[in-house]
Amino acid sequence: MLYREAGQFKSSYTADMAVFPILQDRIGLGIVLFIAVVIIPYFGSSFLIQAIMIPFLIFSLASIGLNLLTGYTGLLSLGTGAFMGVGAYACYKLTTYFPGVNIIVWILASGFFSAAVGVVFGLPSLRIKGFYLAVATLAAQFFLSWCFIRQPWFYNYNTSGAIEVPTRALFGIPVTGATSSFTTRYFVVLGIVIVMTWLASNLVHGRIGRMWMAVRDMDLAAELIGIRLLQTKLLAFAISSFYSGVAGALLVFMWYGSAEPSVFDVNLSFFILFMVIIGGLGSLTGSFFGAALIFILPIVLRYIPPKLGIPIQSATVDHIQYMVIGALIVIFLIAEPAGLARLWQIGKQKLRVWPFPY
Amino acid sequence: MDILYKAFIDPFMQMGAAPDLFVQTLWDGLVAGVLYSLIALGFVLIFKASGVFNFAQGIMVVFAALTLVGLHEKGVPAYLALAITIGIMFLLAVGVEKLMLRPLVNQPDIILFMATFGLTYFLIGFGELIFGGDPKVMIATQLGLPRGAIDFKFAGGFVSLQKIDIAATIIASIMVASLAIFFQKTRIGRALRAVADSHKAALSVGISLEQIWVIVWFAAGLVALATGIMWGARSEVSFALEIIALKALPVLILGGFTSIPGAIAGGVIIGVGEKIGEFYWGPLLGSGIETWLAYVIALVFLLFRPQGLFGEKIIERI
Amino acid sequence: MTMKSYLLGAAVAVAAGLPLLPVGASAADGIYVPLFSYRTGPFAGSGTPIVNGMADYLNMLNERDGGIGGVKLIVEECETGYDTKKGLECYEQVKSKNPVLTNPYSTGITLPLIGKAAIDKIPVLSMAYGLSASADGSNFPWVFNPPATYWDGASMFVSYVGKQEGGLDKLKGKKLGLVYLDAPYGKEPIPVLEALAKDYGFELKLYPVPAAEMQNQSSQWLNIRRDRPDWIYLQGFGAMNPTAVKEAAKNSYPMDHLIGNWWAGGDDDARPAGADAKGYLSLDFNQVGTDFPVIQDILKHVVDKGKSQTPKEKVGENLYNRGVLNSMIIAEGIRNAQKLSGKKVIDGTDMRRGLETLVISAARLKEMGADGFAAPMAVTCADHSGHNAAYMAKWDGTKWTKGSDWIEPIKAKVMPLIDEASKAYATANAGWPKRSEACDAK
């Protein structure tokens, strides 16, 4: 009823090709942004912001990064966790060497280090494909994890072997460290995620995105029509790792506040890959859906038994939660292999023609 | 110069100076390698017949071992527990085929891969719910597996061969040989190979895909059970065992996803390579390199043979 | 409707039709003590008995005495699975319920909470784990790690070895090995052992075990066979411990020269090797067994009434009793805090004062029904650990027994290191708050 595009005429090519061509979509986006920017910080509890929203946004950013590589370019990677680690450790090293520089500059700059490392480990992608590549990226994962553990230079020869986030202020307001307020951190994360999502959206709708998708659909054919495979694949690795790196830096600086190397182990890589696949390969919106489902759903599941007044041990809840999530993953895949993003599209299409079936 | 000496001369000097340790390292690497290839074998069986990269193989190892030990703890005699566990692995295979594979038939590989993650989560929760998360002791002696070691005097030192390791090697060899015979000589084996070549062609000549899938998942379950018993006997049965399954991945890419001999050869190369590497070159780089050395070995091989050592040649057409 | 849409409907309903915000027991009518547990995941073997002991003791106080000072304790578990992500989520969840303290039970969770503790005014009690440097109360007023730190543990190991060898001066030229989990937890004892190696002239050999290779340690033990260290200290965790003990037996390493730290001394750590592990030693600061009135009370009031998750035969195991000791520290802290603040229902700020003036003397232990259960301990304003004694537990093939007298840590060496590390921590974390909390008189 409300979601109908009748009467919306496009008078230029640009308007027709816009990312959100329908007015209602733009309004919807506005409402989402309004909720994120105004409602949540003012009315959200500390739990909602610190334990749900901040990590959710960070994981969304990481899964956008992986989606650029796996969803758009078709290169399966299991090294995301390590690339996030590179970002976090780069940011830590930078801010301890140059404490005077704005921390947000360093968070963004750490992405470049991650990108460089990503390119190096992306090189085999020219010869190796599919699952073979996925396992090859595990080499990056395990090698980098080893560096974070065994090479004391990375953690400044700290006796605890972990990295701790120092307090850094921006215009006199602490942004990182324990004294910073969670609202400040939320705004920083939100700002970075919005800007980087907007950039990613422009990227995938432009020439580079099309090149990536051509390579994904068939790299030999793409090469024949004049796309340089080396540059395109490496660019995908670089940009994807950039996103992962920034997400990793945010993870430690805006959320954990201190991190052991094991934070960036292979499980994190799998975790992000789940989000991308469940959310929908090749969809930015899907990355957000995926992060929500994989990260927030388990938290919600934990609170059902106490809410219903069922006296269950916390460990049993955890076991059942594992079973439910496992089953849900399979059910979602059976229902819609193309992910939540595809479901969202189908839903919108149904609304558009409602009350008619098609 | 010093570093060159340490990298290229010193390790060989050490090998010469203590040949007993060298032989021991080789043996330990060989045993680890055989056990890696057992896990890899589970992956290969399923990948060959259904194109599914079964991430759940690791948790199947834990689940099988846990069921076996858990049943025994509840008072079931060891061999009966073994039989029941085999039965449960069969039910699991049927369940996976009916509830997961059949609805997902013809989906892209990555989706099936993801579905096995779902299976992993489910089995983790289910296993812990039924048997609890605390580690258990593998009932190796009750199953008639030997204990103790055979020590050889060798070149001024000794080489110690654990009986359980010898048993593991023998059992692994028997399993591989019987699987190879099963694939080559029986009717079902031929059907399996046909399915591996092409699902559609196999269907059109009247081979039941469902039946084949149940068989391979069951076979992978048996392999998982054997792996679980062996690794469990080496340490304990707990959910930490799942991590070991990751070691099978470099073995897979080295040997090729579709080759049974590849899984064996790959396992041995990786096992021996990483133990020798860790023992002789590890100190140079700061130890603990075996976590990634296997992947680097595999990666180097891959750069020359992108389909793995024994994998089928990848032919790309437009 | 197709099957597909049914499935979809079901899945969407589960995913969407749920309450979004958590609720829980309100803490107005009692003292809220959250317990972070890990009954799941790869380390569940250590986590389950500990949290069982912790919960059972506190519940016993509720059943037997009606709580502490007439106020019921609200004991709630939050499952972390030893995962930092879940741990932080647990922290945010309990934070709003006025907890008196947190027990993170994982180094990875403790580290982030150290920073948060001072801001949120919730003390962290990391009983003999976490950051050794946090024993310095002048820099970490909100973090407590009694009865001893990892650094004390390592020095006790050296002191014990010295005694066996006939004096610390006999250590010269000996080789001492450290087999450790390659993670911040495992690396903790290295600085102390290095310093002691310099002072006493022994050689320190390091054998890191990567987390992914916990159950596959043949390379490390081959190295040990090559180096032949005279004594080995094992700072392992979870599945790493039984594997290490088994490997030691396999390589015929003398078991009475293999000494685990206190997290390598669970029953599940030695049991898989069984009789082969006879003689294996492990540092311990609580006694094993059920021959204590306090454990009998737990059996009577909690376990036998079916109010516990503990199987009866596991009551009295080493890690279970350690959980009990942990809860005894909590309970004493609460008692102290009630005395100091004059309030019945206390909060985190009071609890900090209570823990800072904690004294559990031998007489008090006896009163609590735990005569000789642990070494008497005391925490002061400046010293949040107390650096108390521990003893060697010995595996007799089926269970842990007492294998030595109480061993004091080499305080003279450990304390300066702690001061140094604590200062380094404060400098590295620019803006680390200076202690502003006043000290209470005992």
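Residues numbered from 1 in each chain as written. Chains lettered and ligands numbered in written order. Predicted model: local features only at pLDDT ≥ 70, side-chain atom pairs only at ≥ 80, totals over all residues.

J.: Give me the lowdown on the interface of chain C and chain A, citing residues and values where you can.
T.: At the junction of the two partners, chain C supplies 48 residues and chain A supplies 43 residues. For the side of chain C that touches chain A, the secondary structure elements donating two or more residues are α1 (3–16), β2 (73–79), α3 (84–95), α4 (107–120), α6 (184–187) and α15 (411–428) of chain C. Considering every element that reaches the side of chain C that touches chain A, the biggest residue donor is α4(C), with eight residues. Each residue belonging to the side of chain C that touches chain A can be placed in one class, and the counts come to 25 nonpolar, 13 polar and ten charged. (Contact = placed C-beta atoms within 7 Å. Helix = DSSP H or I, 4+ residues; strand = E, 2+ residues; numbered from the N terminus. Nonpolar A, V, L, I, M, F, W, Y, C, P; charged D, E, K, R; others polar.)

J.: Could you give an account of the interface of chain C and chain B, with specific residues and numbers?
T.: The interface is formed by 30 residues belonging to chain C together with 31 residues belonging to chain B. For the side of chain C that touches chain B, the secondary-structure elements that each account for two or more residues are α2 (44–65), α8 (218–227) and α9 (240–250) of chain C. At six residues, α8(C) tops the list of elements feeding residues into the side of chain C that touches chain B. In the side of chain C that touches chain B, the residues fall into ten nonpolar, eleven polar and nine charged.

J.: Before we move on, can you summarise helix α14 (residues 314–335) of chain A with the specific residues and values?
T.: Helix length check: α14(A) (22 residues) gives 31 Å between terminal C-alpha atoms against 32 Å at 1.5 Å per residue, within 8%. Buried residues dominate α14(A), accounting for 17 of its 22 residues. (Expected span 1.5 Å × (residues − 1). Buried ≥ 20, exposed ≤ 12 C-beta atoms within 10 Å, placed from the backbone.)

J.: Tell me about the sheet that holds strand β13 (residues 400–402) of chain C, residues and numbers included.
T.: All names here are of chain C. Strand order in the open sheet formed by seven strands is β6-β5-β7-β8-β9-β12-β13, and the pairing between neighbours is mixed. If you trace the sheet from one side to the other, it starts and ends with β6 (203–209) and β13, each paired once. Neighbour-to-neighbour, the strand axes of the sheet open up by a mean angle of 30 degrees, direction not taken into account. Bridge count for strand β5 (residues 175–181) against β6 is seven bridges, and the pairing is parallel. Bridge pairing in β6 places Leu176 opposite Leu204. Running at roughly 160 degrees to β6, helix α7 (residues 190–200) makes contact with β5 and β6 of the sheet. (Pairing = 2+ DSSP bridges. Axes fitted to C-alpha atoms, helices over the stretch in contact; angles between N-to-C directions.)

J.: Break down the nonpolar core for me, citing the residues and quoting the values.
T.: Within the largest apolar cluster, 375 residues are counted, with the highest numbers of intra-cluster contacts made by Ile58(A), Leu61(A), Leu250(A), Ala65(B) and Val216(B). For this core, the leading source of residues is helix α2 (residues 19–50) of chain B, giving 18 residues. Counting contributing residues, this core receives three or more from each of domain 1 (31–148 + 289–382) and domain 2 (150–284 + 389–413) of chain C. Among all residues touching Val216(B), those that are not within four sequence positions of it are Leu45(B), Ile46(B), Ala49(B), Ser50(B) and Leu192(B). (Core = buried A, V, L, I, M, F, W, Y, C linked by C-beta atoms within 7 Å. Domains from an automatic or database assignment.)

J.: I'd love a proper account of the domain arrangement of chain C, names of residues and values included.
T.: Interfaces are often sized by the amount of accessible area the parts lose when they come together. All names here are of chain C. Domain assignment breaks chain C into domain 1 (31–148 + 289–382) and domain 2 (150–284 + 389–413). Of note, the centres of domain 1 and domain 2, computed from C-alpha atoms alone, are 27 Å apart. Opposite the 13 residues of domain 1 that make contact, domain 2 presents 23 residues. For the side of domain 1 that touches domain 2, the secondary structure elements donating two or more residues are α2 and α12 (318–341). Per-element tally for the side of domain 1 that touches domain 2: the top contributor is α2, with three residues. In the side of domain 1 that touches domain 2, the residues fall into seven nonpolar, five polar and one charged.

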